[in-house]
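What the coordinates show
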Amino acid sequence: MEKEYLKLLQKVYTYGQDTGDRTETGMRSLFGETMEFNLAEGFPLLTTKKMFTRGVFGELLWFLSGSTSNTELEEKYGIKFWKEWANEAGQLPNIYGKQWTRWEDGRGNIFNQVKFVIDQIKNNPTSRRILFTGWNAPEMQWEDTALPCCHSTVVQFYVEGDYLHMYHYQRSGDMFLGVPVNIASYATLLTMIAQQCDLKPGIMKHTIGVAHIY
């Protein structure tokens, strides 16, 4: 399964367009690239680079808890991924944990998208609306938003027999640093949700809007 990642990495390096970017580092990128991983054949953890697996799993649990506290992330899980983005209060406003589990619907209600997805898989498995998103468009533009969501732009699920499949659209992916973590994190999320629904993890399709190398 690692070949999928290495093939895309080589493709970006060979055929990508060189442009400027927000960080002023410069990047080489391709648009709208997809990888596919069949979790029935194994877990897609890369072996061609050192992976901080405790960080992958801890960050995911932190997202699912709904927390936006960088202090909690560091103290509970020993993870410093988000330190540079935290405000003076140690908070990361409007990022994944909030959007996944505490989406504000404009009518004064709080909506837990992950809980909704699990409920639909269990009780309405043929629905074409089994998805969640981290891209809360207005909040992504707010000045206090730590970092507009790169991944979980759309995460959709599909039940096929005893298997649960996932399609993950990510708006932007750093092929060296972020994408290996994203692959492992969403494969873990698919496995966890499948387990909650008495299903087996199946195919994970991962599309990256702007797949790039700095």
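Overview of the structure. (Residues numbered from 1 in each chain as written. Predicted model: local features only at pLDDT ≥ 70, side-chain atom pairs only at ≥ 80, totals over all residues. Heavy atoms only, no water.)

1. Some remarks on the overall build of the protein chain
In plain terms, the rule: Strands are runs of DSSP state E lasting at least two residues, helices are runs of H or I lasting at least four, and both sets are numbered from the N terminus onward. Throughout, the radius of gyration refers to the C-alpha atoms, and the reference size of a globule is 2.2 Å times the residue count to the power 0.38. Relative accessibility decides the category of a residue: with a 1.4 Å probe and only protein chains considered, values under 20% of the type maximum give buried, values over 50% give exposed, and everything between is partly exposed. In what follows, residue pairs with any heavy atoms lying within 4.5 Å of each other are defined as contacts. Areas reported as accessible are Shrake-Rupley estimates using a 1.4 Å probe. Residue values count occlusion only from the protein chains shown.
Of the regular secondary structure elements, the protein chain holds 7 helices and 8 strands. Against the 2.2 N^0.38 benchmark of 17 Å for 214 residues, the protein chain shows a C-alpha radius of gyration of 17 Å, consistent with a compact globule. In terms of overall dimensions, the protein chain has C-alpha extents of about 45 × 45 × 30 Å along its principal axes. The burial tally for the protein chain puts 48% of its 214 residues in the buried class. In the protein chain, the share of contacts with a sequence separation of at least 24, taken over all contacts with a separation of at least 6, comes to 63%. For the protein chain, the exposed surface amounts to about 11500 Å²; the carbon and sulfur share of it is 51%.

2. So, unusual backbone geometry
Although it is not a glycine, asparagine 94 sits at a positive phi angle of roughly 75 degrees. If you trace the backbone, asparagine 94 turns up in the loop between α3 (70-77) and α4 (96-101). Classification of asparagine 94 by relative accessible area gives buried; the value is 6%. Not every positive phi belongs to a glycine, and aspartate 198 is a case in point at roughly 60 degrees.

3. Considerations on the side chain of glutamine 113
Mapped onto the elements, glutamine 113 comes out in helix α5 (residues 113-123). In this structure, glutamine 113 is in contact with Gln99, Trp100, Thr101, Trp103, Phe132 and Thr133, ignoring residues within four places of it in sequence.

4. A short note on the sheet that holds strand β8 (residues 200-213)
Quick note on the threshold: We treat two strands as partners when DSSP finds at least two bridges between them. Only the contacting stretch of a helix is used when fitting its axis, a line to C-alpha atoms as for every element, and angles between N-to-C directions run 0 to 180 degrees.
Taken together, the 6 strands give an open sheet; going across it, the order is β1-β2-β8-β7-β6-β5, and neighbouring strands pair in mixed fashion. Each end of this open sheet is capped by a strand with a single partner; those strands are β1 (17-19) and β5 (131-132). Pairing analysis gives 3 bridges linking β1 to strand β2 (residues 27-38), with the strands arranged antiparallel. Its bridge partner being in β2, glutamine 17 is matched across the sheet by serine 29. Relative to the sheet, helix α1 (residues 2-15) contacts β1, β2 and β8, its axis offset from that of β2 by approximately 165 degrees.

5. A closer look at the state of the cysteines
To keep things clear, this is the line we draw: What counts as a disulfide here is a pair of cysteine sulfur atoms lying within 2.5 Å.
Per the stated rule, a full pass over the model turns up 0 disulfides. You can see cysteine 149 has no disulfide; the closest cysteine sulfur is in cysteine 150, sitting 7.7 Å from it.

6. Let's talk about the pattern of salt bridges
Proximity of charged atoms lets side chains of opposite charge pair with each other. Selection criterion: Salt-bridge detection follows one rule: a side-chain nitrogen of Lys or Arg within 4 Å of a carboxyl oxygen of Asp or Glu.
Evaluation of the coordinates by the stated rule reveals 6 salt bridges. Among the salt bridges present, the one from glutamate 4 reaches lysine 7, with a minimum N-O distance of 3.9 Å. One end of the pair, glutamate 4, and the other, lysine 7, are both in helix α1, 3 residues apart, so they sit about a helical turn from each other. With its nearest N and O atoms 3.3 Å apart, the salt bridge here joins glutamate 139 to lysine 98. Placement of glutamate 139 in helix α6 (residues 137-140) and of lysine 98 in helix α4 is noted, with a sequence separation of 41 residues between them. For lysine 98, a relative accessible area of 10% puts it in the buried group. Residues participating in the shared-partner salt-bridge network are Lys98, Glu104 and Glu139.

7. Observations concerning the pairing of strand β6 (residues 154-160)
Two faces make up the sheet, and in a regular strand the side chains alternate between them. Every second residue of β6 is oriented toward a common face, the buried set being Val155, Phe157 and Val159 and the non-buried set Val154, Gln156, Tyr158 and Glu160. Examined bridge by bridge, β5 and β6 share 2 bridges and lie antiparallel to one another. By the bridge assignment for β6, leucine 131 is matched with glutamine 156. Both β6 and strand β7 (residues 163-174) contribute to a ladder of 7 bridges, which runs antiparallel.

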